[in-house]
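# Descriptive structure summary
Given next are the chains, with one letter for each unit.
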Amino acid sequence: ENLPGAQVHVTDIAEAALAFSDTIQWDFHDTKPEWTNAFDFVYSNALDHSYDPQRAVEAWMQVVRPGGYCFIEWHVYGESLSLTDPFSSDLVQLVYAITKWGKGRYCVKEVIPTVANPEWVNFIVIYKF
């Protein structure tokens, strides 16, 4: 509705993903070759579910076309670690890590606080050169 003509693709590692149209069962740590540089943007609120956050961000940035963006929803203070949330970081450390991982290929362009809860949830905006 807000993106007329847009094609939306959703991935989920769970087998339940197969029950939804336009959802692909896929591990977000991996990149399908046909997806390389194919998308205007990627959105995720699942980086805390990553067993290898650098690999996940790298995979997301591989599918974003040059000039595109990746939006990561992140809690300012990170998440509590658990079996299903194996990654946590405060916001400042994560922004630094993403910039370092980018090695000049991508960088954090800005951090946007949410309107509903600006002191808690932010969007990390990553730009691909």
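What comes next is a walk through the structure. Note that the coordinates shown come from a computational prediction; the quantities given were computed from them, not determined experimentally.

A word on helix α2 (residues 91–102). The first and last C-alpha atoms of α2 sit 17 Å apart over 12 residues, in line with the 16 Å expected at 1.5 Å per residue. Along α2, the residues classified as buried are L91, L94, V95, A97, I98, W101 and G102. End-on view of α2: buried residues confined to an arc of 165°, all on one side of the axis. Along α2, the residues that are exposed and aim more than 90 degrees away from the buried face are V92, Y96 and K100. Here the buried face of α2 lies against α1 (53–63), β4 (64–75), β5 (106–113) and β6 (121–128). One side-chain oxygen of the residue at the start of α2 lies 3.1 Å from the amide nitrogen of V92, identifying that residue as D90. Downstream of α2 by one or two residues, K103 has phi in the positive range, about 45°.

Sheet architecture is open: 4 strands sit in the order β3-β4-β6-β5, paired in mixed fashion. Whereas interior strands pair on both sides, the edge strands pair on one side only; in this sheet they are β3 (39–44) and β5. Going from strand to strand, the sheet's axes swing by 20° on average, the running direction of each strand aside. As judged from the 7 bridges shared by β5 and β6, these two strands associate in the antiparallel manner.

So, on to α1. With 8 of 11 residues buried, α1 is to be regarded as a mostly interior element. Within α1, burial applies to P53, A56, V57, E58, A59, W60, M61 and V63. Looking at the buried side of α1, the elements it contacts are β3, β4, α2, β5 and β6.

Our focus in this paragraph is the layout of surface pockets. A probe matching the size of a water molecule, rolled over the atoms, marks out where space remains unfilled. Estimates place the volume of the largest pocket at around 960 Å³. Surrounding the largest pocket, 31 residues form its lining, H9, V10, T11, V42 and Y43 being those nearest its centre. Contributing elements (two or more residues each) for the lining of the largest pocket: β1 (10–12), β3 and α1. Sort the elements by how many residues they give to the lining of the largest pocket and β3 lands first, with 6 residues. In the lining of the largest pocket, the residues fall into 19 nonpolar, 8 polar and 4 charged.

Thresholds applied
- Residues numbered from 1 in each chain as written.
- Predicted model: local features only at pLDDT ≥ 70, side-chain atom pairs only at ≥ 80, totals over all residues.
- Heavy atoms only, no water.
- Helix = DSSP H or I, 4+ residues; strand = E, 2+ residues; numbered from the N terminus.
- Expected span 1.5 Å × (residues − 1).
- Buried < 20%, exposed > 50% of the residue type's maximum accessible area, 1.4 Å probe, protein only.
- Arc of directions from axis to C-beta.
- Contact = heavy atoms within 4.5 Å.
- Polar contact = N/O pair within 3.5 Å; in protein donor to acceptor, adjacent residues only side chain to side chain.
- Pairing = 2+ DSSP bridges.
- Axes fitted to C-alpha atoms, helices over the stretch in contact; angles between N-to-C directions.
- 1 Å grid on protein atoms, 1.4 Å probe; cavity = no way out; pocket = protein on both sides within 12 Å on 5 of 7 lines; lining within 4 Å.
- Points joined across faces, edges and corners; volume = space filled by probe spheres on them.
- Nonpolar A, V, L, I, M, F, W, Y, C, P; charged D, E, K, R; others polar.

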